[in-house]
Amino acid sequence: MKVLVLNGPNLASLGRREPMIYGKGTLAELSDAVSDRAKALGCDVIFFQSNHEGALIDEIEKERDADAVIVNPGALGHTSYALYDALRGFAKPVIEVHISQVFAREEFRHRSVTAAAAHAVISGLGFSGYLLALDYLAKMLKK
Ligand code: DQA
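Our subject in this report is the structure included herewith.

Rules and cut-offs
Along each chain, residues carry numbers from 1 onward, in the same order as the chain's sequence is written. In view of the model being predicted, local features appear only for residues whose pLDDT reaches at least 70, and side-chain atom pairs are presented and counted only at 80 or more, with totals across whole chains, interfaces and linings using the full set of residues. Side-chain metrics rest on all non-hydrogen atoms present in the structure, leaving aside hydrogens and water. Each residue is tested against the molecule or strand, and it is near if at least one of its non-hydrogen atoms lies within 4 Å. The term polar contact refers here to a pair of N or O atoms within 3.5 Å; inside protein, the definition further demands a hydrogen-donor-capable atom paired with an acceptor-capable atom, and it admits residues adjacent in sequence only when both atoms are side-chain atoms. Using the Shrake-Rupley algorithm and a 1.4 Å probe, accessible areas are obtained, with residue cover drawn only from the displayed protein chains. Ten residues, namely Ala, Val, Leu, Ile, Met, Phe, Trp, Tyr, Cys and Pro, are considered nonpolar, four, namely Asp, Glu, Lys and Arg, are considered charged, and the remaining ones, Gly among them, are considered polar. Joining through side-chain atoms within 4.5 Å is the link that ties buried Ala, Val, Leu, Ile, Met, Phe, Trp, Tyr and Cys residues into a set, and such a set is a nonpolar core. Remark: exposure states derive from per-residue accessible area (1.4 Å probe, protein chains only) relative to the maximum for the residue type, with buried under 20%, exposed over 50%, and partly exposed in between. Helix numbering and strand numbering both begin at the N terminus, where a helix is a DSSP run of H or I of at least 4 residues and a strand a DSSP run of E of at least 2. Contact definition: two residues touch when any of their heavy atoms are within 4.5 Å. Multiplying 1.5 Å by the residue count of a helix minus one yields the expected span of that helix. Relevant arc is that of directions from the helix axis to the C-beta atoms, nothing else.

## Some remarks on the site of the ligand
Alright, step 1. Around the ligand sit Pro9, Arg17, Tyr22, Asn72, Gly74, Ala75, His78, His98, Ile99, Ser100, Val102 and Arg109, and that is every residue in its neighbourhood.
Alright, step 2. Within the backbone of Ala75, one N or O atom sits 3.1 Å away from an oxygen atom of the ligand.
Alright, step 3. Taking His78, its side chain carries an N or O atom lying 2.7 Å from an oxygen atom of the ligand.
Alright, step 4. Protein contacts shield 99% of the accessible area of the ligand, which totals 320 Å² for the unbound molecule.
Alright, step 5. Here the residues of the shell around the ligand sort into five nonpolar, five polar and two charged.

Next comes the structure, spelled out in structure tokens:
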């Protein structure tokens, strides 16, 4: 089982960026936690971050043989029909993750364009959201 874990704009600054909202963990620490959990579950993970919409879409296209996608689209989730189309076109399970509880924040964050291409959305559980998504996918794909 291979899972593509995508992180969108501004998630490279985790740890420095608004730590009251996103916590003190860095993207490298998130990547380590995801790869430890993937190892324990016996699955391969491709971990990718970009600030650019097209680069995220290119990665989905490049890794089209992956079995599932976990995506934190960052603010692109609120705006990007192009990323929505790419996730929809992937045609295999997608779980959208937000570190913060977007529905308890500014109004513009309450709407996710990309969520309509997702099997499920996890919002507000910090880095644990990625690990829960991975646990769920491992169970789901084994069936
Ligand atoms: C985020 C929430 C988005 O609204 C924001 O633009 C981000 C991060 C989250 O993980 O909580 O960049 O996706």
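## Some points on the nonpolar core
Alright, step 1. Leu14, Ile70 and Tyr130 are the most contacted members of the largest nonpolar core, which has 22 residues in total.
Alright, step 2. Only strand S1 (2–7), helix H2 (27–41), strand S3 (68–72), strand S4 (94–98) and helix H6 (128–142) provide two or more residues apiece to this core.
Alright, step 3. With five residues, H6 is the largest single contributor of residues to this core.
Alright, step 4. Those residues in contact with Tyr130 that lie beyond four places of it in its chain are Val5, Asn7, Leu30, Val34, Ile70, Asn72, Val97 and Ile99.

## Notes on H2
Alright, step 1. End to end, H2 covers 21 Å across 15 residues, agreeing with the expected 21 Å (1.5 Å per residue, within 8%).
Alright, step 2. Within the span of H2, buried status applies to Leu27, Leu30, Val34 and Ala38. For H2, the angular spread of buried residues about the axis comes to 70°, placing them on one side. Exposed residues pointing more than 90 degrees away from the buried face of H2 are listed as Ala28, Asp36, Lys39 and Ala40.

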